[in-house]
Amino acid sequence: EGLPHLDTLTYRFVADGGQMLAQLNSGSCDAGIGTQGGAQTSIFDSNISALLQAQTQGTLAVQFASGSTFEHLDFNISPAAGYGGIVGGGLFQDVRVRQAFAYCINREALVESLMYGRPEAKALPVYVPADHPLYDATDIATYEFDPDKGRALLNEAGWADGNGDGVLDKGGKKLGLIYNHGPTGNTLRQSLAQLLKTQLKEDCGIDLTPQELKRDDLFGSFPDGALFGRRFDLGQFAWVADGEPSCLLYTSREWTGAGDGKEDKYGITSGATEGANDVGYFNPAFDAACYKAVEALDPDDRKYWHHEAMKIFSQDVPSLVLFVRLRIAVARPSVTGFVLDSTQDSELWNVEAMDVLTP
């Protein structure tokens, strides 16, 4: 087949995106890879403006693809024993409230502001990107930005601005929530926190107080960490997905802490100390569909059951996907065959087809 085209590859490891861009522009590197596989951040995140300018000038070719990392907002449906406030009183056990948040958040604006409006970052109502081979939009509940629908659902749940101060209230309690994010110093999530605070207050009368936590305080195991100890109102972080849709993250076998002690058909009792289901979501129909999907040997059965799980998830909204992180790769115009593929773990998945043309 005449492959591979290249006899030798030289790898250079650089400290930051600026240094990599300098080497690309000077010709000492032919292609730049900013992230590998499930990495949550790209070395190019702070250099996207420079990349797009170089692409406009024709000096570099930039490629974007949906990443395997999705930023999401978690609702504490089943708080740990003793956790107080309106969330401890069962706020997010009402699906109307969770759906209202989905309508009240302008995710397109988040992508425009934080992901340079790239369509590859657009979020779905489920835990896979739009180009995932197992995603099917049929009967998936969607929540386009519509604050009127969001307010209507909150009103149905008993929340209204009784005193005209711009914040909804119910039974003398304001709809004010602590929004945990981090770890400390994550500039993307700091910006995201401020955008969400503004959107939710102005569009739906929800008062958000961002609280940035250190890594251990945010992600610590049950019962210490805020998220996995289920001691939070709203929590925001990222999951890194793989080729299998991440439905298991929301099953009862992944409950953190004491759980409800229910045993499923597999003999798994909810309550894993190291579980991933920090939202405390429990739906037997979702569990069954997810387990059948990941255990299916027949590809058609696998896709059918994953679709069933996604339909239930989209209706229940235990967690809201905000946007998908970008995978970014850059090459000089002389490079051919360098193709960024969101379904591949490595940017060099087809390295045998790559070539560098000589002027």
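Rules used in this analysis
- Residues numbered from 1 in each chain as written.
- Predicted model: local features only at pLDDT ≥ 70, side-chain atom pairs only at ≥ 80, totals over all residues.
- Heavy atoms only, no water.
- Salt bridge = Lys/Arg side-chain N within 4 Å of Asp/Glu carboxyl O.
- Helix = DSSP H or I, 4+ residues; strand = E, 2+ residues; numbered from the N terminus.
- Buried < 20%, exposed > 50% of the residue type's maximum accessible area, 1.4 Å probe, protein only.
- Core = buried A, V, L, I, M, F, W, Y, C linked by side-chain atoms within 4.5 Å.
- Disulfide = S-S within 2.5 Å.
- Contact = heavy atoms within 4.5 Å.
- Polar contact = N/O pair within 3.5 Å; in protein donor to acceptor, adjacent residues only side chain to side chain.
- Pairing = 2+ DSSP bridges.
- Axes fitted to C-alpha atoms, helices over the stretch in contact; angles between N-to-C directions.

Draft legend 1. Looking closely at the pattern of salt bridges. Across all of its chains, the model carries nine salt bridges by this definition. The closest approach of N and O atoms between Lys122 and Glu108, which form a salt bridge, is 3.5 Å. Taken together, the residues Lys122 in the loop between helix 5 (107-114) and helix 6 (147-156) and Glu108 in helix 5 connect sequence positions 14 residues apart. For Lys122, a relative accessible area of 45% translates into the label partly exposed. In this structure Glu108 comes out as partly exposed when scored by relative accessible area, which is 42%. Each of the salt bridges in this network shares a partner with another, and the network as a whole consists of Glu71, Arg189 and Arg325.

Draft legend 2. Expanded view of the nonpolar core. One finds Phe92, Tyr127, Leu177 and Tyr250 to be the most contacted residues of the largest nonpolar core, which totals 86 residues. Among the nonpolar cores identified, the runner-up in size contains eight residues, and Ala65, Ala331, Phe338 and Leu340 belong to it.

Draft legend 3. Summary view of unusual backbone geometry. Cis rather than trans, the peptide bond between Leu3 and Pro4 has omega equal to -5 degrees. Position of Pro4 relative to the elements: it lies in the segment before helix 1 (17-26). Along the chain, Gly182 connects to Pro183 via a cis peptide bond; the corresponding omega equals 0 degrees. Assignment of secondary structure puts Pro183 in the loop between strand 5 (176-181) and helix 7 (187-204). In this structure, Tyr116 takes a positive phi of about 55 degrees despite not being glycine. Within the fold, Tyr116 resides in the loop between helix 5 and helix 6.

Draft legend 4. Focus on the state of the cysteines. Taken as a whole and judged by the stated rule, the model has two disulfides. The disulfide bridge from Cys247 ends at Cys290, spanning 2.1 Å between sulfur atoms. An S-S torsion of about 75 degrees defines the bridge between Cys247 and Cys290 as right-handed. In this pair, Cys247 is assigned in the loop between strand 7 (234-240) and helix 9 (284-295) and Cys290 in helix 9, connecting sequence segments 43 residues apart. The burial state of Cys247 is the same as that of Cys290; both residues are buried. Bonded cysteines in the protein are paired 1-2, 3-4 when counted in the order they occur along the chain.

Draft legend 5. Just the side chain of His181, in detail. The residue His181 is located in strand 5 in this model. Apart from the residues lying within four places of it in its own chain, the contact partners of His181 are Arg189, Gln190, Ala193, Pro210, Gln211, Glu212, Leu213, Leu218 and Gln236.

Draft legend 6. The side chain of Ser314, seen in detail. For Ser314, the location among the structural elements is in helix 10 (residues 299-316). In terms of polar contacts, Ser314 uses its side chain to reach the backbone carbonyl oxygen of Lys311, at 2.8 Å. Among residues more than four places away in sequence, those in contact with Ser314 are Pro125, Val126, Ile140, Ala141 and Tyr143.

Draft legend 7. Focus on the sheet that holds strand 2 (residues 61-75). Ordered in space as 1-8-2-7-5-6, the six strands form an open sheet in which the pairing is mixed. Only two strands of the sheet have a single partner each, and these edge strands are strand 1 (31-33) and strand 6 (207-212). Averaged over all pairs of adjacent strands, the angle between their axes in this sheet comes to 30 degrees, without regard to strand direction. Pairing between strand 2 and strand 8 (residues 319-331): 11 bridges, direction antiparallel.

Draft legend 8. The pairing of strand 8, seen in detail. For strand 8, a buried count of 13 out of 13 residues is recorded, marking the element as mostly surrounded by other parts of the structure. Here strand 1 runs beside strand 8; their pairing, made up of three bridges, is antiparallel. Its bridge partner lying in strand 8, Ala31 is registered against Ala331.

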